[in-house]
Amino acid sequence: MPGWVQQGYDEYAKRMPKECDLQLKEIIPGKRGKNSDVARIVRDEGERMIQAVSTKTHIVTLDIPGKSWTTPELSVAMKRWMESGQNVALMIGGPEGLSDSVRELASESWSLSKLTFPHPMVRILVAEQLYRAWSILNNHPYHR
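Because the structure is predicted, anything quoted here is derived from the model rather than measured.

Enquirer: Which residues make up the overall build of the chain, and what are the values?
Expert: Across its full length, the chain carries five helices and three strands. Seen in sequence order, the chain has helices and strands lined up from the N terminus as α-α-β-α-β-α-β-α. Scaling as 2.2 N^0.38, a compact globule of 144 residues should have a C-alpha radius of gyration of about 15 Å, and the chain matches this with 16 Å. Summarising its shape, the C-alpha atoms of the chain cover approximately 50 × 35 × 25 Å along the three principal directions. For the chain, the share of sequence-separated contacts (at least 6 apart) that also reach a separation of at least 24 residues comes to 77%. Of the side chains in the chain, 19 bear a positive and 17 a negative charge, and the two mean positions are spaced by 2 Å.

Shown next, in the form of structure tokens:
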């Protein structure tokens, strides 16, 4: 990722308190070419994503058909996640989307937008929105 992406993500990740620590785990995408078996690539990526989280993790997919939340609604979801005591994994698929196996494991699905965003932007948008949701829950002035 370009430096500006890491800088943008890091800016919001460092603002989060310890109880909402953001940890970015990147899954190496499968190699794509003219004659690639895209279905197999997506399946393999999904298996690597699943292996990257513990079995008791609350999985939330980021997917266009997911539920579209306002930032205050995201803060309600965040409060629910924090009160559950489970780790939460926000799963973002590769260029062809998420595998069926990841979708099946998900407890819920969140749609950032009906638009398709480049992956570098998504990680910054998600980190910023999580920080904003946290600021709402804690009456921090950032959201205003």
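Enquirer: Tell me what's going on with the environment of E26, and back it up with residues and numbers.
Expert: For E26, the position within the fold is in the loop between α1 (3-15) and α2 (38-51). Each C-alpha atom of the pair E26 and R48 lies 10.0 Å from the other, and the pair is 22 residues apart in sequence. Setting aside residues no more than four positions away along its own chain, E26 makes contact with M1 and R123. A distance of 3.2 Å separates polar atoms of two side chains, one belonging to E26 and the other to R123.

Enquirer: So what's going on with the packing of aromatic side chains? Residues and values would help.
Expert: Remark: the centre distance and the inter-plane angle together describe each pair of aromatic rings, the angle taken between the planes. In this structure the tally under the stated criterion is six aromatic pairs. Between Y12 and Y142, the ring centres sit 6.5 Å apart and the planes meet at 70°, which makes this aromatic pair edge-to-face. Of the two residues, Y12 is situated in helix α1 and Y142 in the segment after α5 (119-137); the sequence distance between them amounts to 130 residues. Assessed through its relative accessible area of 17%, Y12 is described here as buried. Overall, Y142 belongs to the partly exposed group, its relative accessible area being 22%. Taken together, the aromatic side chains of Y12, Y131, W134 and Y142 make up a single cluster linked through ring pairs.

Enquirer: Please set out a nonpolar patch on the surface residue by residue, giving values where relevant.
Expert: Taken together, W4, L115, F117, M121 and L125 make up a surface patch of nonpolar side chains, about 460 Å² in accessible area. Relative to the elements of secondary structure, L115 occurs in the loop between β3 (108-111) and α5.

Enquirer: Give me the packing of α1 against α5: which residues, what numbers.
Expert: For the pair α1 and α5, the least separation of the axes is 9 Å and the interaxial angle reads 15°. Here α5 runs roughly parallel to α1, going by the angle between their axes. Helix-helix and strand crossings are classified by hand; for α1 and α5 the assignment is left-handed. Of α5, the residues touching α1 (which contributes W4, V5, G8, Y9, Y12 and R15) are P120, M121, R123, I124, A127, E128 and Y131. Its residues placed into classes, the contact of α1 with α5 shows nine nonpolar, one polar and three charged.

Basis of the calculations
Residues numbered from 1 in each chain as written. Predicted model: local features only at pLDDT ≥ 70, side-chain atom pairs only at ≥ 80, totals over all residues. Heavy atoms only, no water. Helix = DSSP H or I, 4+ residues; strand = E, 2+ residues; numbered from the N terminus. Rg over C-alpha atoms; globule rule 2.2 N^0.38 Å. Contact = heavy atoms within 4.5 Å. Lys, Arg positive; Asp, Glu negative; His and termini not counted. Charge placed at Lys NZ, Arg CZ, Asp CG, Glu CD. Polar contact = N/O pair within 3.5 Å; in protein donor to acceptor, adjacent residues only side chain to side chain. Phe/Tyr/Trp six-rings, centres within 6.5 Å; stacked < 30°, edge-to-face > 60°. Buried < 20%, exposed > 50% of the residue type's maximum accessible area, 1.4 Å probe, protein only. Patch = residues over 30% accessible without salt bridge, like charges linked within 9 Å, V, L, I, M, F, W, Y side chains within 5 Å. Areas by Shrake-Rupley, 256 points an atom, 1.4 Å probe, with all protein chains shown as cover. Salt bridge = Lys/Arg side-chain N within 4 Å of Asp/Glu carboxyl O. Axes fitted to C-alpha atoms, helices over the stretch in contact; angles between N-to-C directions. Parallel < 35°, antiparallel > 145°, perpendicular 65-115°, else oblique. Left-handed = near helix turned anticlockwise from the far one by under 90°. Nonpolar A, V, L, I, M, F, W, Y, C, P; charged D, E, K, R; others polar.

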